[in-house]
Amino acid sequence: MSAVGLTLRQARYTNKAFWRNPASAFFTFAFPLMFLVIFTSLLGNHSIEVAPGVTIQQSTYYVAYMAAFSVITACYTNIAISVTFARDSGVLKRVRGTPLPGSSYLLGRIIHAMLVAIVLVVICAAFGAAFYNASVPTGGTLFRFIVMLLVGAGTFCALGLAVTAIIPNADASPAVVNATILPLLFISGIFIPIGSNSPQWMITLGNFFPVKHFGDAMLAGFLGKGKVFLWRDVLVVAIWGVVGLILAVRYFSWEPRR
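Calculation criteria
Residues numbered from 1 in each chain as written. Predicted model: local features only at pLDDT ≥ 70, side-chain atom pairs only at ≥ 80, totals over all residues. Heavy atoms only, no water. Helix = DSSP H or I, 4+ residues; strand = E, 2+ residues; numbered from the N terminus. Contact = heavy atoms within 4.5 Å. Areas by Shrake-Rupley, 256 points an atom, 1.4 Å probe, with all protein chains shown as cover. Lys, Arg positive; Asp, Glu negative; His and termini not counted. Charge placed at Lys NZ, Arg CZ, Asp CG, Glu CD. Phe/Tyr/Trp six-rings, centres within 6.5 Å; stacked < 30°, edge-to-face > 60°. Buried < 20%, exposed > 50% of the residue type's maximum accessible area, 1.4 Å probe, protein only. Lys NZ or Arg CZ within 6 Å of the ring centre and 35° of its normal. Salt bridge = Lys/Arg side-chain N within 4 Å of Asp/Glu carboxyl O. Axes fitted to C-alpha atoms, helices over the stretch in contact; angles between N-to-C directions. Parallel < 35°, antiparallel > 145°, perpendicular 65-115°, else oblique. Left-handed = near helix turned anticlockwise from the far one by under 90°. Nonpolar A, V, L, I, M, F, W, Y, C, P; charged D, E, K, R; others polar. Expected span 1.5 Å × (residues − 1). Arc of directions from axis to C-beta. Patch = residues over 30% accessible without salt bridge, like charges linked within 9 Å, V, L, I, M, F, W, Y side chains within 5 Å.

K.L.:
Outline the overall build of the protein chain, supporting the account with residue identities and numerical values.
P.N.:
Looking only at helices and strands, the protein chain has 10 helices and two strands in total. Ordering the α and β elements of the protein chain from the N terminus gives α-α-β-β-α-α-α-α-α-α-α-α. Oriented by its inertia axes, the alpha-carbon framework of the protein chain measures out at about 60 × 35 × 30 Å. Restricting the contact set of the protein chain to residue pairs at least 6 apart, pairs at least 24 apart contribute 78%. On the protein chain, roughly 12,700 Å² of surface is accessible, and the fraction owed to carbon and sulfur atoms is 68%. Distance between charge centres in the protein chain, computed from 17 positive and 6 negative side chains, equals 12 Å.

In structure tokens form, the structure reads like this:
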């Protein structure tokens, strides 16, 4: 069987294993919707300014950013934690001793994570449109939105594999992964809108990392022409993806840490 066939078979196997754990699958899809309902309930649905002269309902803001959050959760958090557990339980070491190429095994996991991320984005968009009358990507921005979605999902998968290099063991994986992503979610405006009155250091730091650029591009896709879609955001996220891929190739470990 070709490498492509092996990769697709591994993706199908990973997908079956995912759905055979219904509790995990349920909360994977329910988590972003829970956050969406909580934030819109606590902070209201008033108008906010997301760019000079561009005002939107806060529900649309959170639909877009919770969609971005769901991609990050599926492609960064879940991959980093699940791969670390597989490494420490010896699964990765045993995979290396089989005819299945290591690249096909990891690509199968990445493809599955990206598919889950796409489904999560569709669910968030449909939920927002049905219950909050939020805008959804349509027309000319749909193509750019899809490009950003695929680039972002691939980037956070690569970063998720790269961060496993600094995780000492499976027990520490949730703490390390959350410590590396939660602060960025706050300073990038995922949970709370970042305005011009926010500390300058926070704005500067958020602009350096890919989370804010990914969230901004996702929001631009949801708003259509209301906010200019910047290909610069796609470029920044793609650069981080290349960096994550290089680090993953260089430092990824198949064997448990001593």
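K.L.:
I'd like to hear about the packing of aromatic side chains, residue by residue, with values.
P.N.:
Under the defined criterion, the tally for this structure stands at 23 aromatic pairs. Look at Phe35 and Phe191: their rings are 5.5 Å apart centre to centre, the planes differ by 45 degrees, and that puts the pair in the tilted class. Taken together, the residues Phe35 in helix 2 (residues 22-43) and Phe191 in the loop between helix 7 (173-187) and helix 8 (200-208) connect sequence positions 156 residues apart. Taken together, a centroid distance of 4.6 Å and an interplanar angle of 35 degrees make the contact between Phe127 and Phe131 tilted. You can see Phe127 and its partner Phe131 sitting in helix 5 (residues 102-131), four residues apart, about one turn around the helix. What makes Phe131 exposed here is its relative accessible area of 59%. Looking at Arg96, its charged tip hangs above the ring of Trp254, at a distance of 4.8 Å from the centre.

K.L.:
So what's going on with the pattern of salt bridges? Residues and values would help.
P.N.:
Under the counting rule described, the total for this entry stands at two salt bridges. Between Arg87 and Asp88 there is a salt bridge, with the nearest N and O atoms lying 3.3 Å from each other. Lys212 is the salt-bridge partner of Asp216, the closest N and O atoms lying 2.7 Å from each other. One end of the pair is Asp216 and the other is Lys212, both in helix 9 (residues 210-223) and four residues apart, which spans about a single turn. Judged by its relative accessible area of 12%, Asp216 is buried. Residue Lys212 is classed as buried on the basis of its relative accessible area, which comes to 17%.

K.L.:
If you had to explain the packing of helix 1 (residues 3-19) against helix 5 to someone new, which residues and values would you point to?
P.N.:
In a pair of packed helices, the angle between the axes and the distance between the axes together describe the arrangement. Interaxial distance between helix 1 and helix 5 falls to 7 Å at its minimum, and their mutual angle equals 55 degrees. Accordingly, the angle class assigned to the pair helix 1 and helix 5 is oblique. The interaxial crossing formed by helix 1 with helix 5 has right-handed handedness. Note on element contacts: helix 5 touches helix 1 through Ser104, Tyr105, Leu107, Gly108, Arg109, Ile111, His112 and Val116, opposite Ala3, Leu6, Thr7, Gln10, Ala11, Thr14, Asn15 and Phe18. Among the residues forming the contact of helix 1 with helix 5, the class breakdown is eight nonpolar, seven polar and one charged.

K.L.:
Tell me about the environment of Ala220, and please be specific about residues and values.
P.N.:
Here Ala220 shows up in helix 9. Along the chain, Ala220 and Phe145 lie 75 residues apart, while their C-alpha atoms are 7.9 Å from each other.

K.L.:
Please set out helix 10 (residues 231-251) residue by residue, giving values where relevant.
P.N.:
Here helix 10 spans 30 Å end to end across 21 residues, near enough to the 30 Å set by a 1.5 Å rise per residue. Within the sequence span of helix 10, burial applies to Asp233, Val234, Val236, Val237, Gly241, Gly244 and Ala248. Along the axis of helix 10, the buried positions cluster into a sector of 160 degrees, meaning they face one direction only. Pointing more than 90 degrees away from the buried face of helix 10 are the exposed residues Arg232, Leu235, Ile246, Val249 and Arg250. Contacts from the buried residues of helix 10 go to helix 6 (141-163) and helix 9.

K.L.:
Account for a positive patch on the surface, naming residues and giving values.
P.N.:
On the surface, Arg9, Arg12, Lys16 and Arg20 cluster together into a patch of positive charge. With respect to the helices and strands, Arg9 occurs in helix 1. On the basis of relative accessible area, Arg9 is assigned to the partly exposed category, the value being 46%.

K.L.:
Describe the side chain of Thr60, and please don't skip the residues or the numbers.
P.N.:
Looking at the secondary structure, you find Thr60 in helix 3 (residues 58-88). Residues in contact with Thr60, not counting those within four places in the same chain, are Ala134, Ser135, Leu219 and Leu223.

K.L.:
Give me the lowdown on a nonpolar patch on the surface, citing residues and values where you can.
P.N.:
Judged by side-chain polarity, Phe26, Phe27, Phe31, Met34, Ile38, Leu42 and Leu43 come together as a nonpolar surface patch covering roughly 710 Å² of accessible area. Mapped onto the secondary structure, Ile38 falls in helix 2.

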